[in-house]
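Commentary on secondary and tertiary structure
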Amino acid sequence: MESHGDSVEEECEGWDDEEYEDPALENTPSENTLAKIKDYRIYTSEEIMEKQGKIIQNVREILGVDEDDAITALKHFSWSVEQLEEKWFSDEDKTKYQCGLVPDDSKCPPPNKKYADLCQICFLPLKKDKINSLKCGHIFCRQCWTDFFDTKLLEGYHCVMSKCPQYGCPLTVTHSIWKQILTGKHLQRYLKFHCKSYTDETKNINWCPKPGCNFCVENVSYVVSEVECNCGHFFCFKCGEDSHRPCSCELAKKWMMKNKSESENITWMIANTKNCPKCQRPIEKNQGCNHMTCNMCKHEFCWMCMGSWTEHGNATGGYYKCNKYEEMKSSKNDLTKLEEERDRAKHELKKYMFFFERYSNHVKAGDHANEMKPKIEILIEKLNTEKSYPIAELHFLKEGLDEVIRCRKVLKWTYAYGFYLNDDKEKALFENAQEMLEKNADRLHEYLEQDFEPFLCEEELDKKPFYQYKSNLVNCYKVTKQFYTNLLDGLERGLTNNII
Amino acid sequence: MITPRIKKETERLSTDPIVGIYATPDETNFRHFHVQISGPADTPYNGGLFKAELFLPDEYPMVPPKVLFRTKIFHPNIDKLGRICLDILKKNWSPALQIRAVLVSIQSLLSDANLDDPLDEEVAELFKTDPEAAEEKARQWTLDYANE
Ligand SMILES: [Zn+2]
Ligand SMILES: [Zn+2]
Ligand SMILES: [Zn+2]
Ligand SMILES: [Zn+2]
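Residues numbered from 1 in each chain as written. Chains lettered and ligands numbered in written order. Predicted model: local features only at pLDDT ≥ 70, side-chain atom pairs only at ≥ 80, totals over all residues. Heavy atoms only, no water.

As annotated in an unreviewed UniProt entry, chain B carries the name UBC core domain-containing protein and is attributed to Euplotes crassus. Under the heading Sequence similarities (unreviewed entry), UniProt records this for chain B: "Belongs to the ubiquitin-conjugating enzyme family." (UniProt positions renumbered as here; feature names shortened; annotations may be inferred.)

As recorded in an unreviewed UniProt entry, chain A goes by RBR-type E3 ubiquitin transferase and comes from Euplotes crassus. As recorded by UniProt, the Catalytic activity (unreviewed entry) comment attached to chain A reads in full: "[E2 ubiquitin-conjugating enzyme]-S-ubiquitinyl-L-cysteine + [acceptor protein]-L-lysine = [E2 ubiquitin-conjugating enzyme]-L-cysteine + [acceptor protein]-N(6)-ubiquitinyl-L-lysine."

Listed below in structure tokens is the structure:
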């Protein structure tokens, strides 16, 4: 499995050739980051089923039971072999009963003779097509079993825990009955749930959340939070959301919630700016006096009652005293408090807008970089076919773009991180690291967005300019990557632990 | 088309009726039953006749029947709209259960309310804090609404 920390050097020939002298960067890949990132494994669905099969086989041997019983018991203990073993060997009979491996004739006896040849669900005589019944002796025809399973399959993967259709029967329906009854799509669905019951109950295995992706990830020691699936999707193993380094899951969630609620807050601000009653131009009250004059049409009106100022007089309690204002003042205790609250909110909003703007800026830049992917592919193709640069010498373009995408992702989250960061001396360190990464990522991005026509021009036979360009880009790439690592390592090692 | 199972169940409901319960299929819809349950003795519902509708969805018996009270009743597990909170009508349903079992369970719910899983919190609260007043109210409602 590849992780971005080490893949580039291996794939790009000429990457660390002596022609790019940059001694300071050569020997400083962060061991720490690499070790952390490599701590997970990716499986295809076939591989994970194989892994599940091995666990079942293992339990069969330990407990001396058949496959069906092993599966039923494992499901009951959420696929924890240790827990199952412990309970099994301390009280086998009780554990068997709890797992739904033994019938309970006292609570739910088999049907009496009179009905023994009728399906207990549809009341039709049981045809002789033999169905392996459960140990409890409750028998149902094939059609009723099929209908029963079809209904259960709608309930999601927990359906694999279904009990015998007889009311009150404690027996768990066995894996082999499911497989015997179902066919085609429905059987596939069941087998998927059978696998999911294992993966979803196992804490350190998660499926890649990208729609349509069939890989799953095992987080071996459960230390890393960010994983990169073989499909290319980066996600947080802990919360399943898009990767949000350097923020913790909680902080990332808080930030996303804030974005949601702030958009409502902005609506609130808008609601608190009134429109001039004459020309409808929005006016925000920024002084204490209620006597408002519209900048646009010069209409004079009262902020409180929105009435024309000329109508203000004795009837409203004097020119500078709107009755409504006084009313509000007495009813709300202190209107100035309201104003203060508004000022505070405005300040808070300004701060938020600062971080949000930069956050969404990187989101947009990241989207642009993603859109560039096909263009870069075409460019590589052209440089190879038209100008006969060896493909191996062109990988740097793709790698550079991937790095830009990675940086944009981290950079956007640094603004969420920064928003919640307390003011203190470590903040300066963080902001410096952020600035350096931002500057270099921007530069790298710019290299990739430049005009490539001169390199493709037919008359241009000199390859030097292109190699010079490559050299510049690769150097910039290395520096950027170093700042990327520095920033994440620094933050995750606790450079700044002062999140509110 | 009527299924053999519904046919058999319907026949048995008329040939072997349950004491205190009358269930007759609708003339135009064999999946629809008009039900009357007489209030069990020794309960505030005694003497009342409670109307209900029972409906068998297309997926029956894989999914439970739907039952709705039509007569107003003061009971912690039956709400103002006549909906009933009963485990076998929800998560504990088994396709091997029948209409009979459902009706018998509803009848016994009238004698044995489940205060731990109420549908109408207010009613349940009164039964818990002042059972006498609650029973009196249930008796009054029985007289007012279930007395035809
Ligand atoms: Zn059947
Ligand atoms: Zn059974
Ligand atoms: Zn994936
Ligand atoms: Zn997360």
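Having put the structure on the table, let's press on.
**Here's the deal with the interface of chain A and chain B**
Each partner contributes residues to the interface: chain A has 13 residues there, and chain B has 14 residues. The three residues of chain A that bury the most area against chain B are Ile121(A), Phe123(A) and Tyr167(A), which together make up 56% of that side's buried surface. The tally of links between chain A and chain B comes to 0 salt bridges. Inspection of the chain A/chain B interface yields 4 residue pairs in polar contact (both at pLDDT 80 or more). (Contact = heavy atoms within 4.5 Å. Buried area = accessible area lost by both parts, 1.4 Å probe. Salt bridge = Lys/Arg side-chain N within 4 Å of Asp/Glu carboxyl O. Polar contact = N/O pair within 3.5 Å; in protein donor to acceptor, adjacent residues only side chain to side chain.)

**Re the confidence of the model for chain B**
Mean pLDDT for chain B: 91, with 100% of residues reaching 70 or above. ipTM for the predicted complex: 0.83, alongside a pTM of 0.67. (pLDDT = per-residue confidence, 0-100.)

**What to know about the sheet that holds strand 2 (residues 205-207) of chain A**
Residue and element names in this part refer to chain A. Taken in spatial order, the 3 strands make up an open sheet running 1-3-2, and their pairing is antiparallel. Each edge of the open sheet carries a strand with a single partner, namely strand 1 (40-43) and strand 2. Direction aside, the axes of adjacent strands within the sheet are offset by 25 degrees on average. (Pairing = 2+ DSSP bridges. Helix = DSSP H or I, 4+ residues; strand = E, 2+ residues; numbered from the N terminus. Axes fitted to C-alpha atoms, helices over the stretch in contact; angles between N-to-C directions.)

**Remarks on the coordination of the zinc ion (ligand 2)**
Residues and elements named next belong to chain A. In this structure, Cys 136 (SG), His 138 (ND1), Cys 164 (SG) and Cys 169 (SG) serve as the protein donors to the zinc ion (ligand 2), at separations of 2.0 to 2.3 Å. For the zinc ion (ligand 2), the 4 donor atoms in the first shell make angles of 92 to 122 degrees at the metal, so the coordination geometry reads as tetrahedral. We classify His 138 as buried; its relative accessible area is 1%. (Donors = N, O, S within 2.8 Å, 3.2 Å for Na, K, Ca; no water. Tetrahedral: all angles 85-135°; square planar, octahedral: opposite > 155°, others 65-115°. Buried < 20%, exposed > 50% of the residue type's maximum accessible area, 1.4 Å probe, protein only.)

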